[in-house]
Amino acid sequence: MYARSFGATRVSVPVIGQGTWHIDSADRKDAIRALRAGLDAGMSHIDTAEMYGDAEAIVAEAIADCREEVFLVSKVVPGNATRRGVARSCEASLTRLGTDRLDCYLLHWPGQHALEETIAGFEDLRRAGKILSWGLSNFDVGDLDRALAIAGPDRIACNQVLYHLNERAIEHAVLPWCERQGVAMVGYSPFGSGDFPDPASPGGRVLDGIAAAHGTTPYAVALAFLTRLSGTFTIPKSSRSGRAVENAGAADLHLGAAEVAMIDAHFPRGPRPRMLPML
Ligand code: NAP
């Protein structure tokens, strides 16, 4: 499985990981089996959140006998992100996940509490060994600048943002900012959260054609495109083992320049929106 350095952590992390939002709406055994299949196929980066219902408990079961091999990420909701609240939320996530530390802990989106408070809470946890690193999610460049000014260099591990074929807004400014600062860019909802391009559409046919040439699927082609740039990661979610294995395979799929250009032409990044899109 192709891996790259995860921002300030310098830890080598697979470019394709596993999301867990709504994984608790599938049959529990199937969900655990899918996460295990993904792990066996090399997707050892698992993304979860205190907000994802029963997902952390499902992850706990899936990683119980292989915690050391997993790069485990969870998130605090903005409403809990005071200095003390971050500590409380982290402790609760650790308990639900059945572990004593997170590899990365994220602020789910910018919220009402002062960023200084949240970052102080993250740094407390890092010093206490409860988290290896911390990062942000749904942060546009203005908020990223503020976070960098508070935390200083080499502190923000990643920014997790919406990134799929029909939503490439982050390529305008967020991704270049992350590249400049050595911050990993983790793209979420790589399949549009279930709204994948129709195979009968012109873009869908292009994906099909590229997939056929590589003996793979349009989904894998999308993941390869979304991780083509340095410093980028993606975290598809599936509660089906076969799909998890298929998604993992995309890490070893290399698209040629002409293929990238064709995808780019059918799924253009469009103009820069005023606000960073998020789900
Ligand atoms: P997604 O990964 O874009 O899409 C998931 C959907 O695609 C599910 O319906 C899944 O169905 C299906 N799927 C997965 N692999 C497939 C394949 N190979 N072929 C066909 N269908 C496939 O959606 P997402 O869950 O919104 O995003 C991924 C992760 O990003 C989340 O789970 C979460 O961890 C993270 N996220 C973060 C934020 C944030 O604010 N930071 C927001 C949204 C999401 P099955 O499960 O039935 O296979």
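Residues numbered from 1 in each chain as written. Predicted model: local features only at pLDDT ≥ 70, side-chain atom pairs only at ≥ 80, totals over all residues. Heavy atoms only, no water.

The name given to the protein chain in an unreviewed UniProt entry is Aldo/keto reductase, with Methylobacterium mesophilicum SR1.6/6 as the source organism.

From N to C terminus, the protein chain includes 10 helices and nine strands. The C-alpha atoms of the protein chain give a radius of gyration of 18 Å, which matches the 19 Å a tight globule of 279 residues would have. Burial analysis of the protein chain (279 residues in total) assigns 53% to the buried set. A sequence separation of at least 24 residues applies to 78% of the contacts in the protein chain between residues at least 6 apart. (Helix = DSSP H or I, 4+ residues; strand = E, 2+ residues; numbered from the N terminus. Rg over C-alpha atoms; globule rule 2.2 N^0.38 Å. Buried < 20%, exposed > 50% of the residue type's maximum accessible area, 1.4 Å probe, protein only. Contact = heavy atoms within 4.5 Å.)

What follows concerns helix α9 (residues 241-249). All of the buried residues along α9 are A244, N247 and A248. One side of α9 carries all its buried residues, which in axial view fall inside an arc of 100°. Against the buried residues of α9 lie α1 (28-40) and α8 (218-226). (Arc of directions from axis to C-beta.)

The next thing to look at is the pattern of salt bridges. Enumeration over the complete set of coordinates arrives at 21 salt bridges. In this structure, R96 and E56 form a salt bridge, with 2.6 Å as the shortest nitrogen-oxygen distance. Of this pair, R96 sits in helix α3 (residues 83-97) while E56 sits in helix α2 (residues 55-63); the two residues are 40 residues apart in sequence, bridging distant segments of the chain. For the salt bridge of D124 with R127, the shortest nitrogen-to-oxygen distance reads 3.0 Å. Remark: R127 and D124 occur in helix α4 (residues 115-127); sequence separation between them is three residues, near one turn of the helix. Accessibility expressed as a relative area gives 28% for D124, which makes it partly exposed. (Salt bridge = Lys/Arg side-chain N within 4 Å of Asp/Glu carboxyl O.)

As a matter of local geometry, the ligand sits amid 27 residues, with D47, S189, F191, S193 and S238 nearest to it. At a separation of 2.8 Å, a nitrogen atom of the ligand approaches a polar side-chain atom of S137. One of the backbone nitrogen or oxygen atoms of P190 is found 3.2 Å away from an oxygen atom of the ligand. Here the ligand loses 91% of its free accessible area of 900 Å² to cover by the protein chains. Take the shell around the ligand: its biggest share by element is three residues, from α9. For the shell around the ligand, the per-class residue count stands at eight nonpolar, 13 polar and six charged. (Near = heavy atom within 4 Å. Polar contact = N/O pair within 3.5 Å; in protein donor to acceptor, adjacent residues only side chain to side chain. Areas by Shrake-Rupley, 256 points an atom, 1.4 Å probe, with all protein chains shown as cover. Nonpolar A, V, L, I, M, F, W, Y, C, P; charged D, E, K, R; others polar.)

What follows concerns α3. Compared with the 21 Å implied by 1.5 Å per residue over 15 residues, the 21 Å span of α3 between its first and last C-alpha is a close match. Listed as buried for α3 are G85, V86, S89, C90, S93, L94 and L97. Seen end-on, α3 carries its buried residues on one side only, within an arc spanning 165°. The exposed set on the far side of α3, more than 90 degrees from its buried face, consists of R84, R88 and T95. In the core, the buried residues of α3 are packed alongside α2, β4 (71-76), β5 (104-107) and α4. Just downstream of α3, G98 is the residue with a positive phi angle, here 65°. (Expected span 1.5 Å × (residues − 1).)

This brings us to the UniProt feature "domain: NADP-dependent oxidoreductase" (unreviewed entry) in the protein chain. Those places that UniProt annotates as "domain: NADP-dependent oxidoreductase" (unreviewed entry) correspond, in this numbering, to residues 16-266. Helix and strand shares over residues 16-266 are 44% and 13% respectively, and the end C-alpha atoms of the span are 23 Å apart. (UniProt positions renumbered as here; feature names shortened; annotations may be inferred.)

With respect to the helices, strands and loops of the structure, V206 is situated in helix α7 (residues 202-214). Among the residues examined, V206 registers a relative accessible area of 13% and is labelled buried. Once the C-alpha coordinates of V206 and H266 are considered, the two residues, 60 residues apart in sequence, prove to be 7.9 Å apart. When neighbours within four sequence positions are excluded, V206 is seen to be in contact with M262 and H266.

Let us look at the pairing of β5. Neither face of β5 is open: one carries C104 and L106, the other Y105 and L107, and all of them are buried. As defined by bridge partners, β4 adjoins β5 across four bridges and the pair is classed as parallel. Its bridge partner lying in β5, K75 is registered against L106. For the segment spanning β4, α3 and β5, crossover handedness is right-handed. Pairing of β5 with strand β6 (residues 134-137) involves three bridges; the strand directions are parallel. If you follow L107 over to β6, its bridge partner there is L136. (Pairing = 2+ DSSP bridges. Right-handed = clockwise from strand over helix to strand, strands pointing away.)

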